[in-house]
Amino acid sequence: MKSFKKITAAAAAAAMCASMATGCTIGGNTANVLTVDGTDVNAGIYLYYAYSAYSEAVSYLTSKDSDLDKTDKKALKALTIKDPDTGESVGTEKWIQNKATELCQQYVAISKKFDELNLELSAEDQESIKTYVANYVGYYGTAIEKAGVSEDSIKAVITSSFKNSEIFKYYYGVDGEKGIDESEYYDFYKDNNARVRILTFSKKDGSGDALKDSALSDFEDMIDGYYDKISKCKTEDEKESMMDEVESEYEEYSSEQAELATAETDEDGNPVTEATTEEDTTEEDTTEDTSEDVTDTTEAESAEDNSNAEDTSKEDVSEENSTSEDTSADEDTSSEDASDEEDTTADESSTEEETTTTTAPFANEQVIAKSTTTTDIEGNTPDEDDITYSPSKSVQQALFDEGNKNYIKNGELKLINDDETEYIILRRDIEERMTDSDLWTDDAINTVASDIYGDQYQDELKEWADSYDTDKNNSAYKRYDVFEIDLYGQDNQTASN
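These numbers come from a predicted model, not from an experiment.

Visitor: An account of the overall build of the protein chain is needed here, citing residue identities and associated values.
Guide: Helix and strand counts for the protein chain come out as 14 helices and nine strands. Looking at the 497 residues of the protein chain, the share that counts as buried comes to 35%. Taking the contacts inside the protein chain whose residues are at least 6 apart along the sequence as the reference set, 70% of them involve residues at least 24 apart. Carbon together with sulfur atoms contributes 42% to the accessible area of the protein chain, which is approximately 29200 Å² in total.

Set out below in structure tokens:
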């Protein structure tokens, strides 16, 4: 993910629950912490971005050391983080202060560039900002008030994000200032995304343990059988239908394995059924006792039936006449009921047909994006073992590396065998779905633009911010301890202006 994505309008929504990386502006709090090119930045906004920087630092440090206690502020302060621009390592507290300052500088750059380009936020954007602010304050109001961050500061932060998005689109949107043609974004999306139907089969038993030896061999034979069934289908749609059947079969198999894993077993490991746990009964004794009872009962019932037979026959004869008279009326009613039944059947059939036709046409498909790597806050790229591939490295290679032996072309079906998982993948032509009502929307185009030019734009934004003179209020920097800010009520700490 490119760094620009942190400062788009979409990131503003994410900021409701997490830190956000944008700039700052004039708000409604008291003391000013710094002045950037003549624009004062108040304490509330600085505190907001200081908390954002704090969260980023803690997340990075705990990713490097899983045993690090993120609540141990003394231990956190003793650590250092390298500045990717200067290569200098500084203490965590200093790094957080520097990052917060940089974010505030970038806000001023955003604000000035937005005005310089005569841009405006749409009415829809304005409504979205109101909604984000209301949700944020409604959920975190007490905590941010204690931390010294006002509603005006929250609004300033979110508004900055929307303005930043508009500036980016001005330069890098389709037919923008930089002259980007939509075809470039179209080709990028097509080459870096795959439309697939994928079935996933875990090589683990119902207890979550890896299958071994004959169990593993039997499992792989089963998946090979699934693959052969699907492969024999001629068209892509037929393959999809067979994949539905295979998926159902596998779900049933998985349920059975889960039941076996939780079933009670005997000392030899065999499942204990209900029959084996019942107490033995003496069949011979039961039979003898029952036979005597049956004989007595039968004789008594036989005598009673004979005495009732005569009375019953008389009553039946008298009722027969009245019953025959009602039959004609019942026949008329029966014909009406039959007519109603036909109408009901027709209605049910119609409803059934409507349900079928409104099913989402691509409900079982996925669009898998090509996995990319990014640098961390120190400018380091991850080691190969630390890269997360979705859903796995071998699948990524099969979808995006044309030189790979398992590369899957449009319309092809492949079985990919990983260490812990097997995949049956059918790749379909993604361009069939690249329409403005499906995959190729304005939001998708903007996301592609961010993927391609996000880093370049971020560098430009940094240049704008660095060109301004910045005056720090050193007393304010000392006053606001970045390790005591609690915007989300997590530490029950207070920080006031």
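Visitor: Describe the sheet that holds strand E2 (residues 39-42), with residues and values.
Guide: With antiparallel pairing, three strands are arranged side by side in an open sheet as E2-E1-E9. Among the strands making up the open sheet, the edge pair consists of E2 and strand E9 (470-472). Each adjacent strand pair in this sheet contributes to an overall mean axis angle of 20 degrees, direction not counted. By the bridge criterion, three bridges tie strand E1 (residues 32-36) to E9 in an arrangement that is antiparallel. Its bridge partner being in E9, Val-36 is matched across the sheet by Thr-470. Sitting on the sheet, helix H2 (residues 43-64) touches E1 and E2, and the angle it makes with E2 is about 65 degrees. Docked against the sheet, helix H4 (residues 92-116) engages E1, E2 and E9, running at close to 50 degrees with respect to E1.

Visitor: With reference to specific residues and values, describe the pattern of salt bridges.
Guide: For the structure on display, the rule yields 25 salt bridges. Taking the shortest distance from any N to any O, the salt bridge between Asp-187 and Lys-190 comes out at 3.9 Å. Here Asp-187 and its partner Lys-190 are both found in helix H7 (residues 182-192), three residues apart, which amounts to about one turn of the helix. Accessibility expressed as a relative area gives 36% for Asp-187, which makes it partly exposed. Residue classification places Lys-190 among the partly exposed residues on the basis of a relative accessible area of 26%. The network of salt bridges with shared partners includes Arg-197, Glu-236, Asp-237, Glu-240, Asp-244, Glu-247 and Arg-428.

Visitor: Help me get a handle on a negative patch on the surface, residues and values and all.
Guide: Together, Asp-175, Asp-181, Glu-182, Glu-184, Asp-436, Asp-442 and Asp-443 make up a negatively charged patch on the protein surface. Of all the secondary structure elements, the ones that give two or more residues to the negative patch are H7 and helix H13 (442-466). Within the fold, Asp-436 resides in the loop between strand E8 (421-428) and H13. When its relative accessible area of 68% is taken as the criterion, Asp-436 is described as exposed.

Visitor: Tell me about the packing of H4 against helix H6 (residues 151-172), residues and numbers included.
Guide: Two packed helices can be described by the angle between their axes and the distance between those axes. Relative to each other, H4 and H6 sit at 55 degrees, their axes nearing to 9 Å. One way to sum up the angle between H4 and H6 is to call them oblique. The two elements H4 and H6 meet at a crossing, and its hand is left-handed. The residues of H6 that touch H4, namely those facing Tyr-107, Ile-110, Lys-113 and Phe-114, are Ala-156, Ser-160, Lys-163, Asn-164, Glu-166, Ile-167 and Tyr-171. Its residues placed into classes, the contact of H4 with H6 shows six nonpolar, two polar and three charged.

Visitor: Break down the environment of Ala-57 for me, citing the residues and quoting the values.
Guide: Note on placement: Ala-57 falls in helix H2. The spacing of Ala-57 and Lys-99 is 42 residues in sequence and 9.6 Å in space, taken between C-alpha atoms. Apart from residues lying up to four places away in sequence, Ala-57 is in contact with Ile-81, Thr-92, Trp-95, Ile-96 and Ile-377.

Visitor: Which residues make up unusual backbone geometry, and what are the values?
Guide: Trans peptide bonds make up most of the peptide bonds, and negative phi angles are found at most residues other than glycine. Cis geometry is adopted by the peptide bond preceding Pro-391, which originates at Ser-390 and carries an omega value of -5 degrees. Along the chain, Pro-391 falls in the loop between strand E6 (366-369) and helix H12 (393-400). Its identity is not glycine, yet Asp-37 carries a phi of approximately 50 degrees, on the positive side. Relative to the helices and strands, Asp-37 resides in the loop between E1 and E2. Exposure remark for Asp-37: the relative accessible area of 37% places this residue in the partly exposed category.

Procedures and definitions
- Residues numbered from 1 in each chain as written.
- Predicted model: local features only at pLDDT ≥ 70, side-chain atom pairs only at ≥ 80, totals over all residues.
- Heavy atoms only, no water.
- Helix = DSSP H or I, 4+ residues; strand = E, 2+ residues; numbered from the N terminus.
- Buried < 20%, exposed > 50% of the residue type's maximum accessible area, 1.4 Å probe, protein only.
- Contact = heavy atoms within 4.5 Å.
- Areas by Shrake-Rupley, 256 points an atom, 1.4 Å probe, with all protein chains shown as cover.
- Pairing = 2+ DSSP bridges.
- Axes fitted to C-alpha atoms, helices over the stretch in contact; angles between N-to-C directions.
- Salt bridge = Lys/Arg side-chain N within 4 Å of Asp/Glu carboxyl O.
- Patch = residues over 30% accessible without salt bridge, like charges linked within 9 Å, V, L, I, M, F, W, Y side chains within 5 Å.
- Lys, Arg positive; Asp, Glu negative; His and termini not counted.
- Charge placed at Lys NZ, Arg CZ, Asp CG, Glu CD.
- Parallel < 35°, antiparallel > 145°, perpendicular 65-115°, else oblique.
- Left-handed = near helix turned anticlockwise from the far one by under 90°.
- Nonpolar A, V, L, I, M, F, W, Y, C, P; charged D, E, K, R; others polar.

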